[in-house]
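Working through the structure, step by step
Listed here are the chains, written in short residue letters.
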Amino acid sequence: MSTESIAVYPGSFDPVTRGHLEIIERARDLFDVLHVAVVANPSKECLFSSDERLDLLRAETAALGGSGKLEFTSFEGLTVQLAGKLGARWIVRGLRSGADLASELPMALTNRECAEGELDTVFLPASPGTSFISSSLVREIAAAGGRLDSLVTGGVEEALRKKSSS
Ligand code: ADP
């Protein structure tokens, strides 16, 4: 068994926001390897394809700080299955509010149960400066042509503009 601490940070990342990036940077310092995993659920309609979301994540995390190794993947199915495949013992999730906690807690407990205690969830509280950001808000503002610079990085803003003009 690997002695490295391995974690997975799953999410839709449709698209990656400054809030996600902040969580990635902090989680990197906690684990030797952090797998950022794009949920490619065919039943969920996304603005960006899973490949586009992965490309944006790769590009926008390139300049991030943090010591752990970053890996990227996309997956269908259950996070617990992906964690087993990757050898991850931890799931990382960001918490913006009590509403996030209310939906995340049952998932964390279920995942732990399904993995027979071999998988725990680490919650990182969002920073005050980014806790209001969500991908859905970003998509809405982009569609209306609003300012996005405090919510996403320049590369994501450009990708959003291209999507709206295509
Ligand atoms: P999901 O559909 O799985 O919730 P998201 O891409 O919306 O996918 O979010 C992935 C994870 O990132 C979740 O744990 C979510 O709470 C967290 N997250 C989203 N936005 C922020 C933010 N602004 N600050 C901190 N964590 C965030």
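Everything that follows concerns the structure shown earlier in this document.
My aim in this report is to walk through the structure given alongside it, one point at a time.

Thresholds applied
Residues numbered from 1 in each chain as written. Predicted model: local features only at pLDDT ≥ 70, side-chain atom pairs only at ≥ 80, totals over all residues. Heavy atoms only, no water. Phe/Tyr/Trp six-rings, centres within 6.5 Å; stacked < 30°, edge-to-face > 60°. Buried < 20%, exposed > 50% of the residue type's maximum accessible area, 1.4 Å probe, protein only. Helix = DSSP H or I, 4+ residues; strand = E, 2+ residues; numbered from the N terminus. Contact = heavy atoms within 4.5 Å. Near = heavy atom within 4 Å. Polar contact = N/O pair within 3.5 Å; in protein donor to acceptor, adjacent residues only side chain to side chain. Areas by Shrake-Rupley, 256 points an atom, 1.4 Å probe, with all protein chains shown as cover. Nonpolar A, V, L, I, M, F, W, Y, C, P; charged D, E, K, R; others polar. Pairing = 2+ DSSP bridges. Right-handed = clockwise from strand over helix to strand, strands pointing away. Core = buried A, V, L, I, M, F, W, Y, C linked by side-chain atoms within 4.5 Å.

1. Considerations on the packing of aromatic side chains
Applying the stated criterion across every chain yields a total of 2 aromatic pairs. Plain terms: the ring middles of Tyr-9 and Phe-13 are 5.2 Å apart, the flat faces sit at 80 degrees to each other, and that makes the pair edge-to-face. Phe-13 carries the same exposure label as Tyr-9, and that label is buried. Ring centres 5.5 Å apart and planes at 40 degrees place the aromatic pair Phe-31 and Trp-90 in the tilted group. With Phe-31 in the loop between helix H1 (18-28) and strand S2 (33-39) and Trp-90 in strand S4 (residues 90-95), this residue pair connects regions lying 59 residues apart in the sequence.

2. Here's the deal with the side chain of Asp-100
Examined against the element boundaries, Asp-100 turns out to sit in helix H4 (residues 98-114). Judged by relative accessible area, Asp-100 falls into the buried class, the value being 12%. Not counting residues within four places of it along the chain, the set of residues in contact with Asp-100 comprises Gly-94 and Leu-95.

3. Considerations on the environment of Ala-7
Residue position: Ala-7 is located in strand S1 (residues 6-11). C-alpha separation for the pair Ala-7 and Leu-70, spaced 63 residues apart in sequence, amounts to 10.0 Å.

4. Brief notes about the site of the ligand
Among the 17 residues in the neighbourhood of the ligand, the closest are listed as Tyr-9, Ser-12, Gly-94, Thr-130 and Ile-133. At 2.6 Å, a backbone N or O of Gly-94 approaches an oxygen atom of the ligand. In the model, a nitrogen atom of the ligand is placed 3.2 Å from a nitrogen or oxygen of the Arg-96 side chain. Against a free-state accessible area of 550 Å², the protein chains account for coverage of 87% of the ligand. Among the elements of the structure, S1, H1, S4 and H4 are those that each provide at least two residues to the shell around the ligand. A class-by-class count of the residues in the shell around the ligand yields 6 nonpolar, 6 polar and 5 charged.

5. Structural notes on the pairing of S4
Where S1 meets S4, 2 bridges bridge the pair, whose relative direction is parallel. Looking at the pairing, Val-8 lines up with Ile-91 of S4. With 6 bridges connecting them, S4 and strand S5 (residues 120-125) associate as parallel partners. The residue bridging Ile-91 from the neighbouring strand is Thr-121, located in S5. At this point the chain moves from S4, through H4, to the parallel S5, and the crossover so formed is right-handed.

6. Structural notes on the nonpolar core
Ile-24, Leu-34, Val-36, Leu-57, Val-92 and Leu-160 are the most contacted members of the largest nonpolar core, which totals 30 residues. At the level of elements, S1, H1, S2, helix H2 (50-61), strand S3 (69-75), helix H5 (135-143) and helix H6 (154-165) are the ones that each hand at least two residues to this core. With 4 residues, H1 is the largest single contributor of residues to this core. In this view, Val-36 contacts Tyr-9, Phe-13, Ile-24, Leu-57, Leu-70, Glu-71, Phe-72 and Thr-73; residues no more than four positions away in its chain are not counted. With 12 residues, the next largest nonpolar core counts Val-80, Leu-82, Ala-83 and Ala-88 among its residues.

So yeah, pure geometry; function would need other evidence.
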